[in-house]
Amino acid sequence: MKVLKPGLSTTIQDLGREGYRSSGISAGGAMDRYALRVANLLVGNGEGEAGLEVTLVGPELEVNTDLLISVCGAYLEPTLDGEELPMWRPVFVPRGAVLRFGRAVSGCRAYVAAAGGFGVPRELGSRSTDARAALGGLAGRRLAAGDALPCGAAHGAAAPSRWAAAWAVALSRQGEASAAKAPEGAGRRLPWAAAPWFAPPGAYGGGEDGIVLRAMPGSEHGQFSTAAREALYRERYTVAPASDRMGCRLIGTPLPRESRAELLSHGVTPGAVQVPPGGGPIILAADCQTTGGYPKIAHVATVDMPLLAQAKPGDTIRFRPVTLDEAQRLDRQREQDIRYLAAAIRSRQP
């Protein structure tokens, strides 16, 4: 792919570089691991293959080879050659097509997977971009206009030609209007075609109450006043504009800490809800530092981290209490759901 316009913040991400936190190196990786995993499964990749993370305002990309792609996560008005691109399904894209994204209509981050992955070098075992450390991805930075993104060669069930032929037949049999786009012939530019089925985005929720994050007590939960602990689960908080991949800053009722004792810096992980002296909570995210000294009133359940990844400035967040046992059960259920989804996708491959 060639980057015609980079968007606000587009980076290459996989599932992160594990095993280096003791050396002060963040694991990083995709903010919404669920969306990236599903996007990869849809195009026949391993779940941990590198994809593009598109944030708030998307890029414009020219596809320079026949390619099988999928787009999952937030809805950023994706189009292919000016026509709306269906999400959460494999899409055959011919050489020369232009993939464009607009602004985030719902959610915050979308993920683009390509069959064979994006072939940038691994650094410390990962292709994920850590822009602050200038590590991984494409030269350790966000994408820029003119960048060329190497896409890995797809083989077997993920080969674009196999999918294109199968969908051409399926679309023509259904007599859909989109059959006119079905790939056929050779030696010319082929139209694009999307699979007639999709993977349901089961990790997301929300509604009138906004985003609801299930959370369990943090290490310093008992150091906060009863009023603060009750307010955490009662009040609505607004995502601040200063939020980023390091943490989601919340605006709302302050959460005073009763203890005035200084904390020694200690290990922290994504999902921890820290409360600095001003009382405004911060939910640590994928690129969070490896140590911190702010007290932690709560910790968001792993199963709800995709919801945090899709929270954009101005969105409303509420917390709901959950026990450790329940959080672990929910996480196991999510992993089982992904295994079932992977099996279902394999059964649909031509």
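Caption draft 1: View of the side chain of Gln-13. Assignment of secondary structure puts Gln-13 in strand β2 (residues 9-13). A distance of 3.3 Å separates polar atoms of two side chains, one belonging to Gln-13 and the other to Ser-128. With residues near it in sequence (within four places) discarded, Gln-13 still touches Gly-29, Ala-30, Leu-36, Glu-49, Ala-50, Gly-51, Glu-53, Ser-128, Thr-129 and Arg-245.

Caption draft 2: Highlighting helix α1 (residues 33-42). In terms of burial, α1 is a largely internal element, nine of the ten residues being buried. Among the residues making up α1, those that are buried are Tyr-34, Ala-35, Leu-36, Arg-37, Val-38, Ala-39, Asn-40, Leu-41 and Leu-42. Regarding α1, its N-cap is Asp-32, as a side-chain oxygen of that residue lies 3.2 Å from the backbone nitrogen of Tyr-34 further along. Looking at the residues trailing α1, positive phi occurs at Gly-44, about 85°.

Caption draft 3: Spotlight on the sheet that holds strand β5 (residues 67-75). An order of β2-β3-β10-β5-β8-β11 is seen for the six strands of this open sheet, with the pairing classed as antiparallel. Either end of the sheet is taken by a strand with one partner, and the two such strands are β2 and β11 (193-194). Of the pairings in the sheet, the one linking strand β8 (residues 91-93) to β11 comprises two bridges and is antiparallel in character. Each bridged residue has a counterpart across the sheet, and for Phe-92 the counterpart in β11 is Ala-193. Against the sheet, α1 makes contact with β2, β3 (51-55), β5 and β10 (106-114), and its axis sits at roughly 155° relative to β5, the strand it touches most.

Caption draft 4: Structural context of the pattern of salt bridges. Inspection of every chain in the model, using the stated rule, returns 13 salt bridges. Arg-100 is the partner of Glu-60 in a salt bridge, and the nearest nitrogen-oxygen pair spans 3.3 Å. Placement of the pair is Glu-60 in strand β4 (residues 60-62) and Arg-100 in strand β9 (residues 98-100), with a sequence separation of 40 residues. Given the relative accessible area of 14%, Glu-60 is considered buried. Measuring nitrogen to oxygen at the nearest pair gives 2.9 Å for the salt bridge that ties Asp-304 to Arg-214. A residue pair is termed long-range when its members are at least 10 positions apart, and Asp-304 in the loop between β19 (296-300) and α4 (305-309) and Arg-214 in strand β12 (residues 211-217) qualify at 90 residues. Bridged by salt links that share partners, the residues Arg-37, Glu-47 and Glu-335 form one connected network.

Caption draft 5: Examining the confidence of the model for the protein more closely. Mean pLDDT over the protein works out to 89, with 87% of the residues at or above the 70 mark. Low pLDDT, under 50, characterises residues 170-188; the stretch is placed with 23 contacts to residues that sit more than four places away or in other chains.

Caption draft 6: Structural context of the packing of α1 against helix α5 (residues 324-348). Where α1 contacts α5, the axes come no closer than 10 Å and their chain directions differ by 20°. Classified by the angle their axes make, α1 and α5 are roughly parallel. Regarding α1 and α5, the two cross each other, and that crossing is right-handed. Mapping the contact onto sequence places Tyr-34, Arg-37, Val-38, Leu-41 and Leu-42 in α1 and Arg-334, Glu-335, Ile-338, Leu-341, Ala-342 and Ile-345 in α5. Residue composition of the contact of α1 with α5, by class: eight nonpolar, no polar and three charged.

The rules we used
Residues numbered from 1 in each chain as written. Predicted model: local features only at pLDDT ≥ 70, side-chain atom pairs only at ≥ 80, totals over all residues. Heavy atoms only, no water. Helix = DSSP H or I, 4+ residues; strand = E, 2+ residues; numbered from the N terminus. Polar contact = N/O pair within 3.5 Å; in protein donor to acceptor, adjacent residues only side chain to side chain. Contact = heavy atoms within 4.5 Å. Buried < 20%, exposed > 50% of the residue type's maximum accessible area, 1.4 Å probe, protein only. Pairing = 2+ DSSP bridges. Axes fitted to C-alpha atoms, helices over the stretch in contact; angles between N-to-C directions. Salt bridge = Lys/Arg side-chain N within 4 Å of Asp/Glu carboxyl O. pLDDT = per-residue confidence, 0-100. Parallel < 35°, antiparallel > 145°, perpendicular 65-115°, else oblique. Left-handed = near helix turned anticlockwise from the far one by under 90°. Nonpolar A, V, L, I, M, F, W, Y, C, P; charged D, E, K, R; others polar.

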